[in-house]
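Working through the structure, step by step
Letter by letter, the chains look like this.
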Amino acid sequence: MKTKFPQILLLLSCILTGCTAKKDRSNLANNYYHQALEAAEKNPREALDLLEKSLAEQVIPRALIFKATLLYQTKEYTESLALFEKIIKDKSYPETLQTDALNNYACLLINMGKLNQAEKVWQQLINNKHYLSPEVAWFNIGLLNLNRKAFNKAAHAFNSAIRIANDYIDAYYYLTITLMEMGEWELARKTIMELIGQMPEHQAALELLEQLNQKLKSKRPKN
């Protein structure tokens, strides 16, 4: 009977050692991931190197999505596209992370000139209950249609973003630009005033307001 105890203890020792090693690798992966987040804004290439170290320790889904996003930001579009599509097809990912990946994937498609495909992705996200920021999808659709000079569609999209998040400053700003393109000067002025009411020192908004005031002044009948 006694001879069995060392075997059991040895087995337990192996299990405990395995758990510790796994935990250490997980901690390392998370540390590298957070370092990558800090480095990304100033040095995306350094951030990518840190993510590779993180992923070598443990494949963390959010780190893999971040890698695909950084590849897109560093203009490595082919690699980014392949990684995003791999992530999107993997149903084991949490659904909220999947939707974040889809949003960034659509941004990549824009840069690759695949505008219709990008818009379809954002339209799907708007109706996806797991997507926590539908106003962002509406805003991106607005920008896409503003660049296409499809001003009615752009205005609808920006207004939809504002209905969801009435403090969405960028949506007010680009809605104002869209309305100016449509010749809706009074409505454009009302919109930019709503923005300034929320952020009085928004310099670009103040400049737009000045342009609108000059335009409206020139349209008033002279006595």
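Because the structure is a prediction, the values reported are computed rather than measured. All chains use their own residue numbering, which begins from 1 and follows the written sequence. This being a predicted model, a pLDDT of at least 70 is required before a residue's local features are given, and a value of 80 or more before pairs of side-chain atoms are given or counted; all residues contribute to the totals for chains, interfaces and linings. Side-chain numbers come from the whole structure's heavy atoms, not from hydrogens or water.

A count of helical and extended segments in the protein chain gives 11 helices and zero strands. By the criteria applied, helices consist of DSSP H or I runs no shorter than four residues and strands consist of E runs no shorter than two, each listed in order from the N terminus. In the protein chain, the succession of helices and strands from N to C terminus is α-α-α-α-α-α-α-α-α-α-α. Only heavy atoms matter for contacts: two residues are in contact if any of them lie within 4.5 Å across the pair. Restricting to contacts in the protein chain with at least 6 residues of sequence separation, those with at least 24 account for 44%. The Shrake-Rupley method, run with a 1.4 Å probe sphere, supplies the accessible areas, and residue values consider only the shown protein chains as cover. Only carbon and sulfur atoms are counted for the fraction: they give 53% of the accessible area of the protein chain, which is about 13,800 Å².

Let's shift gears to the confidence of the model for the protein chain. Known as pLDDT, the predictor's per-residue confidence is scaled from 0 to 100. Here the protein chain shows a mean pLDDT of 87. Residues at 70 or above account for 88%. Model confidence for the protein chain, summarised as mean pLDDT per element, is weakest for helix α1 (residues 4–40) at 65 and strongest for helix α8 (residues 151–164) at 98.

The backbone of Lys75 shows a phi angle near 65 degrees, a positive value even though the residue is not glycine. Counting through the fold element by element, Lys75 comes out in the loop between α3 (61–73) and α4 (77–89). The phi angle at Lys149 is positive, at roughly 65 degrees, despite the residue not being glycine. With respect to the helices and strands, the residue Lys149 is situated in the loop between α7 (134–147) and α8.

A word on the nonpolar core. In these notes, a set of buried Ala, Val, Leu, Ile, Met, Phe, Trp, Tyr and Cys residues joined through side-chain atoms within 4.5 Å is what counts as a nonpolar core. Any residue under 20% of the maximum accessible area for its type is buried, any over 50% is exposed, and the rest in between are partly exposed; the area is computed with a 1.4 Å probe on protein chains only. Counting 69 residues, the largest nonpolar core has Ile87, Tyr105, Trp122 and Ile192 as the members making the most contacts within it. If you tally residues by element for this core, the top one is α3, at eight residues. Contact partners of Ile87, with chain neighbours within four places excluded, come to Leu64, Ile65, Ala68, Tyr93, Gln98 and Ala101.

Between N-to-C directions, angles span 0 to 180 degrees; the directions come from axes that are lines fitted to C-alpha atoms, helices contributing only their stretch in contact. With their axes 8 Å apart at the nearest point, helix α5 (residues 95–111) and helix α6 (residues 115–126) run at an angle of 160 degrees to one another. By the angle between their directions, the pair α5 and α6 is classed as roughly antiparallel. In this structure, α5 crosses over α6, and the sense of that crossing is left-handed. Side by side, α5 and α6 meet where Thr99, Leu102, Asn103, Tyr105, Ala106, Cys107, Leu109 and Ile110 of the first sit next to Leu115, Gln117, Ala118, Val121, Trp122 and Leu125 of the second. Looking at the contact of α5 with α6 residue by residue, the class counts come to 11 nonpolar, three polar and no charged. In this scheme, roughly parallel covers angles under 35 degrees and roughly antiparallel covers those over 145, while 65 to 115 is roughly perpendicular and the rest are oblique. Note: crossing handedness is left-handed where the near helix turns anticlockwise from the far helix by less than a right angle, and right-handed where it turns clockwise. Amino acids are sorted into nonpolar (Ala, Val, Leu, Ile, Met, Phe, Trp, Tyr, Cys and Pro), charged (Asp, Glu, Lys and Arg) and polar (every other residue, Gly among them).

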